[in-house]
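Residues per chain are reported as follows:
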Amino acid sequence: QVQLVESGGGLVQPGGSLRLSCAVSGRTFSTYTMGWFRQAPGKERELVGAITRSGYDTLYVDSVKGRFTISRDNARNTVYLQMNSLKPEDTAVYYCAANFRPEWPVDAHSRFDQWGQGTQVTVSA
């Protein structure tokens with residue numbers, strides 16, 4: 001059973017930065033497409049961005065382009081979400097997810113096979 005564990009969430013002021021990490025168990029992490037999603041209270045879960053197996057290609061939702069960066073370290077079985085210039089509207093629970101097939105591009109949460117438990121990010125003065 002593949003497990004995903006997010007960390008790095010917290011409270012940050014507007015304009016600040018956070019880096020989320022997602023550690024993935026198992027020996028085949030390098031074969032997965034990985035994604036980051038978020039869900040704010042009362043809203044649907046939305047894709048923040050995704051990254052290919054190699055890490056060479058990424059995609060992002062328009063609202064975070066130029067502010068957020070996804071990267072991965074296949075030697076450490078970890079995917080990262082660097083979030084800069086944070087805004088109050090970025091407040092949400094952030095989830096990492098794995099697509100095992102793997103598919104690309106992929107942006108629907110229904111296409112992801114395994115999820116982490118989520119980490120809260122709150123942007124507030």
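Model, not experiment: these values are computed from the prediction.

A. Up close: the overall build of the protein chain. Regarding its fold elements, the protein chain presents zero helices and 11 strands. Reading the secondary structure of the protein chain in the N-to-C direction produces β-β-β-β-β-β-β-β-β-β-β. Against the 2.2 N^0.38 benchmark of 14 Å for 125 residues, the protein chain shows a C-alpha radius of gyration of 13 Å, consistent with a compact globule. Principal axes of the C-alpha set define a box for the protein chain whose edges measure 40 × 25 × 25 Å. Looking at the protein chain as a whole, 44% of its 125 residues are labelled buried. Nonlocal contacts in the protein chain, meaning residues at least 24 apart in sequence, comprise 57% of its contacts between residues at least 6 apart.

B. Region of interest: the nonpolar core. Grouped together as the largest cluster of nonpolar side chains are 28 residues, with contacts concentrated most on M34, W36, L81, M83 and Y94. Those elements giving two or more residues to this core turn out to be β3 (18–24), β4 (33–39), β5 (46–51), β7 (68–73), β8 (78–83), β9 (92–99) and β11 (119–123). Formed by seven residues, the second largest nonpolar core is a distinct cluster that contains F37, L59, A97 and V106.

C. Spotlight on the packing of aromatic side chains. Within the structure shown, the criterion is met by six aromatic pairs. Ring geometry for F29 against Y32: centres 6.5 Å apart, planes inclined by 85°, an arrangement best described as edge-to-face. Pairing Y95 with W115 gives two aromatic rings, centres 6.5 Å apart and planes at 80°, and the pair type is edge-to-face. With Y95 in strand β9 and W115 in strand β10 (residues 114–115), this pair connects stretches of sequence that are 20 residues apart. What makes Y95 buried here is its relative accessible area of 14%.

D. Representation of the side chain of R72. Position of R72 relative to the elements: it lies in strand β7. Buried within the structure, R72 lacks any salt-bridge partner; its nearest side chain of opposite charge belongs to D73, at an N-O separation of 8.3 Å. A polar contact of 2.8 Å, which involves the side chain of R72, links it to the backbone oxygen of Y32. At a separation of 2.8 Å, a polar atom in the side chain of R72 contacts the main-chain carbonyl oxygen of T52.

E. Geometry of the state of the cysteines. In this structure the tally under the stated criterion is one disulfide. Here C22 pairs with C96 through a disulfide, and the sulfurs are 1.9 Å apart. Disulfide C22-C96: torsion about the S-S bond near 50°, hence right-handed. Note that C22 is positioned in strand β3 and C96 in strand β9, a separation of 74 residues in sequence.

F. Representation of the pattern of salt bridges within the structure. Counted according to the given criterion, the structure contains eight salt bridges. Between E46 and R38 there is a salt bridge, and its shortest N-O distance comes to 2.6 Å. Put simply, K65 and D62 hold a salt bridge, and the shortest N to O gap is 2.9 Å. What makes D62 exposed here is its relative accessible area of 61%.

Conventions and cut-offs
- Each chain has its residues counted from 1, running along the sequence as written.
- In keeping with the predicted nature of the model, local features appear solely for residues at pLDDT of at least 70, side-chain atom pairs appear and are counted solely at 80 or more, and the whole-chain, interface and lining totals rest on all residues.
- Calculation of side-chain values draws on the structure's entire complement of heavy atoms; hydrogens and water are dropped beforehand.
- For the purposes of this entry, the term helix denotes a DSSP run of H or I that reaches at least four residues, the term strand denotes a run of E that reaches at least two, and both are numbered from the N terminus.
- Each radius of gyration is computed over the set of C-alpha atoms, and the globule rule expresses the reference value as 2.2 Å times the number of residues to the power 0.38.
- Relative accessibility decides the category of a residue: with a 1.4 Å probe and only protein chains considered, values under 20% of the type maximum give buried, values over 50% give exposed, and everything between is partly exposed.
- Two residues qualify as a contact provided that any one of their heavy atoms is within 4.5 Å of a heavy atom in the partner residue.
- The definition of a nonpolar core used throughout is a set of buried Ala, Val, Leu, Ile, Met, Phe, Trp, Tyr and Cys residues joined through side-chain atoms within 4.5 Å.
- When the centres of two rings from Phe, Tyr and Trp lie within 6.5 Å, Trp using its six-membered ring, the rings pair. Their planes under 30 degrees apart give stacked, over 60 give edge-to-face, and anything left gives tilted.
- None of His or the chain ends enter the tally, which takes Lys and Arg as positive and Asp and Glu as negative.
- Any carboxyl oxygen of Asp or Glu within 4 Å of a side-chain nitrogen of Lys or Arg constitutes a salt bridge here.
- Side-chain atoms alone can form a polar contact between residues adjacent in sequence; in general such a contact is a pair of N or O atoms within 3.5 Å, and within protein one must be able to donate a hydrogen while the other accepts it.
- Cysteine sulfur pairs qualify as disulfides if the two atoms are within 2.5 Å.

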